[in-house]
Structures are given as structure tokens and as C-alpha cells.
Amino acid sequence: MAAPGPARATFSEFSPLFDADGLRFDVSGMGGTQDSWGQEAAVTVLHEGFSLSLAEFTYDTDGFAPNNDLRHELFGARATIAATPWLTLYGEYRNRRTEGRDLTLDFDGNATPGFRQKFTREFGRFGAHAAIGPDTDLLGVMTIGELAATNALSFPGYALTNTVVDETADGQVQFMHRRGNCVLTLGGAFATTDFTTTSVEVVEAIPPFLPRTEDIRRTDRKATQGPLYAYLVTRAPRDVEWTFGLSLDTVDIEGSGGYSRTEASPKFGVRFALTDAITLRAAYTRTLKPRIVTDERLEPTSVAGFNQFFDAPNGTTVDRIYADKTFAKHWSLALEGRYEQSTSDFDFDLDSFSVASARATLSYFDPAGWFVSGYVEPVWHDYEDDGDNGS
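Residues numbered from 1 in each chain as written. Predicted model: local features only at pLDDT ≥ 70, side-chain atom pairs only at ≥ 80, totals over all residues. Heavy atoms only, no water.

Draft legend 1. View of the pairing of strand 6 (residues 115–133). Bridge analysis of strand 5 (residues 87–100) against strand 6 gives 14 bridges, and the strand direction is antiparallel. Across the sheet, residue arginine 97 finds its bridge partner in strand 6, namely threonine 120. The loop that links strand 6 with its antiparallel partner strand 7 (residues 136–155) comprises two residues. (Pairing = 2+ DSSP bridges. Helix = DSSP H or I, 4+ residues; strand = E, 2+ residues; numbered from the N terminus.)

Draft legend 2. Representation of the environment of phenylalanine 244. Here phenylalanine 244 lies in strand 12 (residues 240–254). Sequence separation of phenylalanine 244 and valine 270 is 26 residues, and the distance between their C-alpha atoms is 9.0 Å. When neighbours within four sequence positions are excluded, phenylalanine 244 is seen to be in contact with Ala230, Tyr231, Leu232, Thr234, Lys267 and Phe268. (Contact = heavy atoms within 4.5 Å.)

Draft legend 3. Looking closely at the packing of aromatic side chains. One pass over the full model with this rule turns up six aromatic pairs. Note on tryptophan 242 and phenylalanine 244: the rings are 6.5 Å apart at their centroids and 10 degrees apart in plane angle, and the pair reads as stacked. Where tryptophan 242 meets phenylalanine 268, the ring centres are 6.1 Å apart and the plane angle is 45 degrees; that geometry is what we call tilted. Of this pair, tryptophan 242 sits in strand 12 while phenylalanine 268 sits in strand 13 (residues 259–273), and the two are 26 residues apart along the sequence. (Phe/Tyr/Trp six-rings, centres within 6.5 Å; stacked < 30°, edge-to-face > 60°.)

Draft legend 4. Highlighting a negative patch on the surface. Together, Glu122, Glu146, Glu167 and Asp194 make up a region of like negative charge exposed at the surface. Of note, aspartate 194 is situated in strand 9 (residues 182–203). (Patch = residues over 30% accessible without salt bridge, like charges linked within 9 Å, V, L, I, M, F, W, Y side chains within 5 Å. Areas by Shrake-Rupley, 256 points an atom, 1.4 Å probe, with all protein chains shown as cover. Salt bridge = Lys/Arg side-chain N within 4 Å of Asp/Glu carboxyl O. Lys, Arg positive; Asp, Glu negative; His and termini not counted. Charge placed at Lys NZ, Arg CZ, Asp CG, Glu CD.)

Draft legend 5. Here's a closer look at the nonpolar core. Counting seven residues, the largest nonpolar core is built from Tyr229, Tyr231, Ala283, Val303, Ala304, Phe306 and Tyr322. Not counting the four nearest positions on each side in its chain, tyrosine 229 is found in contact with Val173, Gln174, Thr185, Leu186, Gly187, Gly188, Leu246, Ser247, Leu298, Glu299 and Pro300. (Core = buried A, V, L, I, M, F, W, Y, C linked by side-chain atoms within 4.5 Å. Buried < 20%, exposed > 50% of the residue type's maximum accessible area, 1.4 Å probe, protein only.)

Draft legend 6. Main features of the pairing of strand 12. Sheet topology places strand 10 (residues 213–225) next to strand 12; four bridges connect them, and they run antiparallel. Bridge assignment links lysine 222 to a residue of strand 12, and that residue is glutamate 254. By the bridge criterion, eight bridges tie strand 11 (residues 228–235) to strand 12 in an arrangement that is antiparallel. Bridging across to strand 12, arginine 235 finds its partner in glutamate 241. Between the antiparallel neighbours strand 11 and strand 12 lie four residues. Of the strand pairs in this sheet, strand 12 and strand 13 are connected by 14 bridges, and their pairing is antiparallel.

Structural data, given as C-alpha cells:
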């Protein structure tokens, strides 16, 4: 339902409907086979220094196999207000509920009978942006939320339910100062998460041979994490942009299966505009993957235009090296090299691994508006599995 239409401007399309003060309504819907239907509605108010947005989304389907139904319900609200010429306040609330049965695709058209899963997430966020000087900004955001995920399997005489509940509080702050060709960014975050895992197994009685049994197991753990970081972006000479960064990443999980890691993670990047049509880029980043507390972060997510944060097992350290060259007009060629090395304190079957790849992408931009792109990417893997090597 994210396709462009009258309610959404397409790429490079100008639409004054998104800029004007006033009240705006957007409503859309869809329907299909397997009793599939969905709808979304949003109302937006924009008046001078105040904005408010309320939106909801619902999607329901029976799926294309037995026991394959799915239902999404989402609601969100956002508000911003320019309290003073130098202070802007921000608030947000989100609620998501997803419930369904077996969504696994085994390519046989069948789903596991008696299996059901449920996911709920609710959080509120408050933030502020203070322009404390013409070249200096201070940002802060606080998030409090709860996430719950349940998987249940049942059939006559037996039931097994696993539930994970996370309760999180996350605070972030960032200071940014610009002077001449330099931009300095300093910041940090601190998050605490209490997460509980509960497993309930019930075996019904078989009179007179076996009595009814119920086995309940519960694990409580607490996670704290918080990076401190500094980034400096400068131009010297004018056509060369340098990025220097360093973060001190800490992850500490108490309880069963816990671990503790502290890493100094350097970042370096360079962008060199040889001509108006040719740009060279290179970057090195190191990251320590924390538990995902919130979807958004204040820490810069890219170095020299390369993304430094990717999904990985919690507690892994990842090194990445990038380099590419692009030239424009109607053709573009981009070359990228990447190397990742991950190790984890978890007792995974896969203890450590490394991935190396090289990508060449060729693109053509037609003056009439067409865009065609293709790439070749060989990938090499190397891993250690319980003392055994593989590739």
C-alpha cells in the first residue's frame, strides 16, 4: 500500500499539498483474494510552528494455505511545536499489533497446524532540538517502550507457549557545532532493557495412566548499553571531504546467556570530487552490534556516504572497508569492496565468520527519464564452526 498515487508524490514530483498550512486527510484501501483486505487513513494538521499527524493501518488476509492467516493493526501519532524561535519540541506514540499463524514458506503449500504467533509493540518518544547558537545545535530524545512476542504450538493433548517481553528506556543526546569547513558531532546514549522469557508446556492427562503436567520456566535478564561517539567532518582542500570518527561501544547483559563487551570503534572516510562528474569514495568503519532498542538513532549512520550499521547477531564486532568510483553524464560505474569480520560472545553454532565481496554496478540515465542498472558481485565466505573451518 506504499505505491504512489494521488495521496503520495512520486520521485522528483513537486506537490504543494505537503507544504501548505491547513488540515489534510488521506484514505486508501485494497482488497484481494483469500479474504485479503487493507486500509489506511491519516489526518495531518499544519499551522505555522505546529504540526500534528494521526495515522492508522489495518491489513487482514487468510493466506494462500491452511493456517496461514495474518492481521496487522498499527496506530501512530506525531506532534512538533516550535516553542520558541530556538527551541523545537517533538512527541511520538506508536502501537503495533500483529497476529497470525504459520507464515513459514516451505514450498509445499502447507502450514504447520496448531501454530500461532503474536507480536505487540508500544512506545512513546519525546525529543527536543535547541539551536543554542547560529552554528551550534543540541538534540535530545527519550524513548520508553514495551515489546512482546509469543509463539504457541498446540494440538490435542499438548500445548507449548514461548513468550518474550522487553521493557526498555533509552536516552540519547547529541551536540553539533559547525565552523568554517568543519562539522563536529559529539553524542552518547544509554539504554536499559529488562527482558523476560517464559516457556509454558502443558501435557494433558491420559486417565488412568498419566496425570496432567504443566512445566513453567522463566528467565529474567537485564541489558545496558550506551555508545559515546565523536565525528569530525572537514574539507581540505575544498574538493576533498574527510570524516574522522571514534565511538566507545558498551554492551552488558546480565543473567543466563549474558555477556559483556566494550569496544573502541574507529571510523574513517574520504570523498574526493575529481571533477563535476567523477567522485572517489573510501571508508573504514568498525561497529559493535547492540540489542535493537529503538528504530532511530542520533549517531551518524553513514561515513563518506557508506552505511555503517547493518543487522548482525547481538554482540558481534564488524569491520567494513569500502571504496568506489562514480562518473556521471548518462553512464555511471560504481566499484565497491567490502570486508566483514564478525565474532560473538554468544554460544552460536557458528562461532565466527568473515565475508568479502566486490561489486561493480553499471547504470544508464536516459534524458527521457529512464534508468537502468545492473551489477556483478562475487562473494567469499569463511567461517569457524565449533573448531572446524569452512568456506
